[in-house]
Amino acid sequence: MSRLEARKPPLFISELLTRDAASQSLSLLSGILKSSYGPAGRLKQLHNGVGGCVCTTSQSSVLLGRLSLSQPVLRVLTASVRNHVSRFSDCGLFTAILCCGFIENFRSLNVAPFTVIKISKHLLSLCMDHLKSEACGCRVSVDFSSVETLVCLVRSILTSKPACMLNKTEVDHLTSLVLRAFIFTVPCHVGTNAVLGKCVVIPVKGGRVVDSTVLPGLLIEAPEVQLGKPLAVKRTGSNMIKIALFSVSMSGDGSNSEEGTLVVHHGVSLEVSELNQLLNVGKQLVKDEVGLVVCQKVMHPSLKQYLKEQGLVAVDRAGLSLMEPLGRVTGNRPPIASIHLLPPGCYGSLKDLCVQSFASKRFLHLIPGDTVICSLILCNRSETAWDELKRVCETAEHVLQLTVKEPLALLGGGCTETHLASYIRHKSSSLPGSTLTDLGCSQTQYRLVAEGFCRSLESVARALSHDGEEVLTDVVYGHCWFVPPGSPCVSRWSDVVSKCSCGVSGSTEDLSWSVLQGQSGSPVLQGCPQEPPVKVADLRVLDCFAAKCSGLQVALETANLILDLSYIIEDQN
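Fair warning: this is a prediction, and the values are worked out from it, not measured in the lab.

Asks: Would you explain empty space enclosed by the protein in this entry?
Replies: A water-sized probe rolled over the atoms picks out the places where empty space is left. Per the stated rule, a full pass over the model turns up two cavities of 30 Å³ or more. Every residue along the wall of the largest cavity is listed here: Val178, Ala181, Phe182, Cys199, Val201, Leu376, Cys393, Glu394 and Glu397. Those elements that provide at least two residues to the lining of the largest cavity are helix H7 (168-184), strand S5 (198-205) and helix H11 (383-405). For the second largest cavity, the calculated volume is near 50 Å³.

So, in structure tokens, the structure goes:
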């Protein structure tokens, strides 16, 4: 006992944001995230110090998941952003950059954190009320009877991640595929509890992007299936294919036994007994006119051979990820979980079954009578580009699902951020005295916090500039404009800019601009930012309404939480 170390007292860390290490780490994280933001964002290579795979990405879900962070403040920030991404799939970098901006701008103010938090919550409510109002100039209604807005929304997501390495033709092709896949997942007959279906991504690495396609139903990889040979499969009297879906192992190795003691009588072979039981199951399947047998795990070769001889198609090692969509395609829910009992009604059905080939892979194509499941066969030149593209396509599908629930979108390219900053400055310039009384602050304190709030929003728009472009905002609509690098010095900005970043506003209008600066911000508008006439054909970039609104709220709430932290207590034992 004398060799045991005495317990160390816990470590109390105070004044978190004034410590050099925390401040430098926050600044470094903010720089990494800003340099990754947008279509021109710089890629990051992530790998650990002892080898392992190298990941190339600019996506927040991967960046924040693989970064090793020692500062407690940064762990709080990244955990909050990752939770947002897990719920909405989109606007992760926006949320993280904005949160860093709030923290950096608010901590430099000579205002008590409690007062900053109260004022910033009020400013957030102004933003949310404005975004949800019909008069909002950066909100776009999504019409599902026309694909133009949906195409813009999907294209904006696909082009936001440069690691996908897509050209314009490939972007257009994938945009069409993602929309078709989404339409397949929408049920034809909508009841009171309509549920959207699922798009299963099938990997084909090393192929051309334009060879990607989408098919209704489900593909299961089946290397043993022979090409060029007609697939003879049993059918029922109604010309349907009966399918048995097993989630239990059919390998015959006793792996299905529960924990405990297994008693085997003398002279009895456990392996033979298991195989006989599997063959009995096979005979029952033949008797019940089953045409296709799919097993999540391994199937015994003898059982597989028996089923094949009887005219059944057998596929094993389907994997856990396919079980839920398989159940929905075939109506075989839940899958059969025992080889000792095949209850009545345990089978599903298919309309047809055929063989498909993509690159060097062979698949069984399960075609249902009516389904909300489809397969997106996704090709890309390299494994890195394919991994990034898969995540982007899944994000696009999720964004479309969110848009069904709330058919709105926000102008992208930084225009929503600069518009909101202009709106907040306008509201702050004519604040009623009753609001200051309710918040318990002075007008100077309110304007200081409001200016920090606006600079944080504008810092997200400025983060889209990676090649030295000058970033402007107009004083009529509050939209964001980028001056191409190397543009000649001119007396009028209208000579070097033609369209705002989102594409809605043009320089042919009677506009004036100001340069977005890091600390001084933009001038207060003469009036409330106006609502520009939105033509769908002019739209360049759109953002998901639900994801961006959530990101704005999460960013501020997380920043306020970090500003309000007084101590961190670390156990050193």
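Asks: What's the story with the sheet that holds strand S14 (residues 373-380) in this structure? I'm lost.
Replies: Pairing between sheet strands relies on hydrogen bonds along the backbone, with the strands arranged either parallel or antiparallel. Pairing in this open sheet of three strands is mixed, and the strands run S5-S14-S6 from one edge to the other. The sheet is open, and its two borders are formed by S5 and strand S6 (213-216), each paired with just one other strand. Looking at each pair of strands side by side, their axes are set apart by 20 degrees on average, direction ignored. For S6 and S14, the ladder comprises four bridges, and the chain directions are antiparallel. When the sheet's bridge partners are listed, Thr213 is paired in S14 with Ile377. Of the strands in this sheet, S5 and S14 are in contact with H11, which crosses S5 at around 170 degrees.

Asks: Sorry if this is basic, but what is going on with the nonpolar core here?
Replies: Side chains of a nonpolar character, in soluble globular proteins, are inclined to be buried together. In terms of nonpolar packing, the biggest core is built from 120 residues, with Leu131 and Tyr446 touching the most fellow members. Viewed by domain, this core spans two of them, domain 1 (12-138 + 411-570) and domain 2 (143-186 + 196-217 + 378-406), each represented by three or more residues. If near-sequence neighbours (up to four positions away) are discounted, Leu131 is found in contact with Cys136, Cys138, Arg139, Leu410, Thr416, Leu420, Phe545, Cys549 and Leu552. Core analysis: the second largest hydrophobic core is formed by 31 residues, Ile241, Ile243, Val294 and Leu353 among them.

Asks: Looking at this structure, how should I read the sheet that holds strand S15 (residues 408-411)?
Replies: Taking strand neighbours across the sheet as the criterion, the three strands line up as S4-S15-S19 in an open arrangement whose pairing is antiparallel. In this open sheet, the two edge strands, each paired with only one partner strand, are strand S4 (139-141) and strand S19 (542-544). Across the sheet, the mean angle separating the axes of adjacent strands is 45 degrees when strand polarity is ignored. Two elements, S4 and S15, share three bridges in a ladder whose sense is antiparallel. Bridge pairing links Arg139 to Leu410 in S15. Against the sheet, helix H6 (residues 148-158) makes contact with S4 and S19, and its axis sits at roughly 80 degrees relative to S19, the strand it touches most.

Asks: Any chance you could explain the packing of aromatic side chains here in plain terms?
Replies: The relative placement of two aromatic rings is captured by the distance of their centres and the angle of their planes. Under the defined criterion, the tally for this structure stands at three aromatic pairs. A centroid spacing of 5.5 Å and a plane angle of 15 degrees characterise the contact between Phe102 and Phe106, whose relative ring orientation is stacked. Here Phe102 pairs with Phe106, and both are found in helix H4 (residues 92-107), just four residues apart, close to one helical turn. The same class applies to Phe102 and to Phe106, which are both buried. Connected via pairs of aromatic rings, a cluster forms that spans Phe102, Phe106 and Phe453.

Asks: I tried to follow the side chain of Thr330 on my own but got confused; where do I start?
Replies: Within the secondary structure layout, Thr330 lies in helix H10 (residues 323-330). Residue classification places Thr330 among the buried residues on the basis of a relative accessible area of 5%. In this structure the side chain of Thr330 is engaged in a polar contact, spanning 2.8 Å, whose partner is the backbone oxygen of Leu326. The contacts of Thr330, once residues within four sequence positions are left out, are Ile243, Gly348, Ser349, Leu350 and Leu366.

Asks: What is the right way to look at the environment of Thr149 in this model?
Replies: As for its placement among the helices and strands, Thr149 is situated in helix H6. On the basis of relative accessibility, which here comes to 5%, the residue Thr149 falls in the buried class. With 391 residues separating them along the chain, Thr149 and Arg540 place their C-alpha atoms 10.0 Å apart.

Asks: Looking at this model, I keep getting lost on the environment of Val62. Mind explaining?
Replies: Topologically, Val62 is positioned in helix H2 (residues 60-66). C-alpha separation for the pair Val62 and Arg391, spaced 329 residues apart in sequence, amounts to 9.8 Å. Look past the residues within four positions of Val62 in its chain and what remains in contact with it is Leu46, Cys55, Thr57 and Arg391.

Analysis parameters
- Residues numbered from 1 in each chain as written.
- Predicted model: local features only at pLDDT ≥ 70, side-chain atom pairs only at ≥ 80, totals over all residues.
- Heavy atoms only, no water.
- 1 Å grid on protein atoms, 1.4 Å probe; cavity = no way out; pocket = protein on both sides within 12 Å on 5 of 7 lines; lining within 4 Å.
- Points joined across faces, edges and corners; volume = space filled by probe spheres on them.
- Helix = DSSP H or I, 4+ residues; strand = E, 2+ residues; numbered from the N terminus.
- Pairing = 2+ DSSP bridges.
- Axes fitted to C-alpha atoms, helices over the stretch in contact; angles between N-to-C directions.
- Contact = heavy atoms within 4.5 Å.
- Core = buried A, V, L, I, M, F, W, Y, C linked by side-chain atoms within 4.5 Å.
- Buried < 20%, exposed > 50% of the residue type's maximum accessible area, 1.4 Å probe, protein only.
- Domains from an automatic or database assignment.
- Phe/Tyr/Trp six-rings, centres within 6.5 Å; stacked < 30°, edge-to-face > 60°.
- Polar contact = N/O pair within 3.5 Å; in protein donor to acceptor, adjacent residues only side chain to side chain.

Shape is all these values report; function is a separate question.
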